[in-house]
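# Structural overview for review
Each chain, written out:
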Amino acid sequence: MTSLFISHNLAVVRFISTRVGVMYLGRLVEVAPTEMLFERPQHPYTQLLMDAIPRLEHGRRRVRNASGDVPSPLDPPGGCTFHPRCPLAMERCRSETPLLKAAADGSAVACHAVVPTVHASASAA
Ligand code: SF4
């Protein structure tokens, strides 16, 4: 049986999920097994979401924030819809929509700046 759970509460998502998909303006930007996503987020938006989770052990750590407001989903920016807020945005991001690229480790990321990770057993073949 498969259940789809949609939430902004990342603690609950982590607790009940085995696989997580992160969406921005209606598009999937990253998909990964739950622990992989929370421990090693790859997409800049996912990384910013993870930075926003309060952690007792980090005390006064510096929290990165996305700049600017979330654009309207009715009139999204061209290219990567996250580019006006992304700290890694480059020229290509303004015109070319990144596709979701799958890696051998079960993750997938839609970002021009991220090369999908390759599972050790897959790279040895
Ligand atoms: S494609 Fe470009 S703007 Fe979009 S998340 Fe990746 S680096 Fe940022």
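The following paragraphs examine the structure supplied in this document. Here the structure is a predicted model, which is why all the values come from computation and not from measurement.

Bringing the pairing of strand S1 (residues 19–24) into the picture now. Side chains Val20, Val22 and Tyr24 project from S1 onto a buried face, and the interleaved Arg19, Gly21 and Met23 project onto a face without burial. Counting the residues in the hairpin turn of S1 and strand S2 (residues 27–33) gives two residues, including leucine 25, whose phi is positive at 50°.

What follows deals with the side chain of histidine 112. Mapped onto the secondary structure, histidine 112 falls in the loop between strand S4 (108–109) and helix H4 (120–124). Engagement of the side chain of histidine 112 in a polar contact is seen with the side chain of arginine 92, the distance being 3.4 Å. For histidine 112, the side chain forms a polar contact with the main-chain oxygen of glutamate 96, separated by 2.7 Å. Excluding its chain neighbours within four sequence positions, the residues that come into contact with histidine 112 are Met90, Arg92, Cys93, Glu96, Thr97 and Pro98.

Right, let's talk about the pattern of salt bridges for a bit. Counting across every chain of the model gives four salt bridges. Across the salt bridge formed by glutamate 35 and arginine 14, the nearest N and O atoms sit 2.8 Å from each other. Of this pair, glutamate 35 sits in helix H2 (residues 34–39) while arginine 14 sits in helix H1 (residues 10–16), and the two are 21 residues apart along the sequence. What makes glutamate 35 partly exposed here is its relative accessible area of 43%. With relative accessibility at 30%, the residue arginine 14 sits in the partly exposed group.

Cut-off values and rules
Residues numbered from 1 in each chain as written. Predicted model: local features only at pLDDT ≥ 70, side-chain atom pairs only at ≥ 80, totals over all residues. Heavy atoms only, no water. Buried < 20%, exposed > 50% of the residue type's maximum accessible area, 1.4 Å probe, protein only. Helix = DSSP H or I, 4+ residues; strand = E, 2+ residues; numbered from the N terminus. Pairing = 2+ DSSP bridges. Polar contact = N/O pair within 3.5 Å; in protein donor to acceptor, adjacent residues only side chain to side chain. Contact = heavy atoms within 4.5 Å. Salt bridge = Lys/Arg side-chain N within 4 Å of Asp/Glu carboxyl O.

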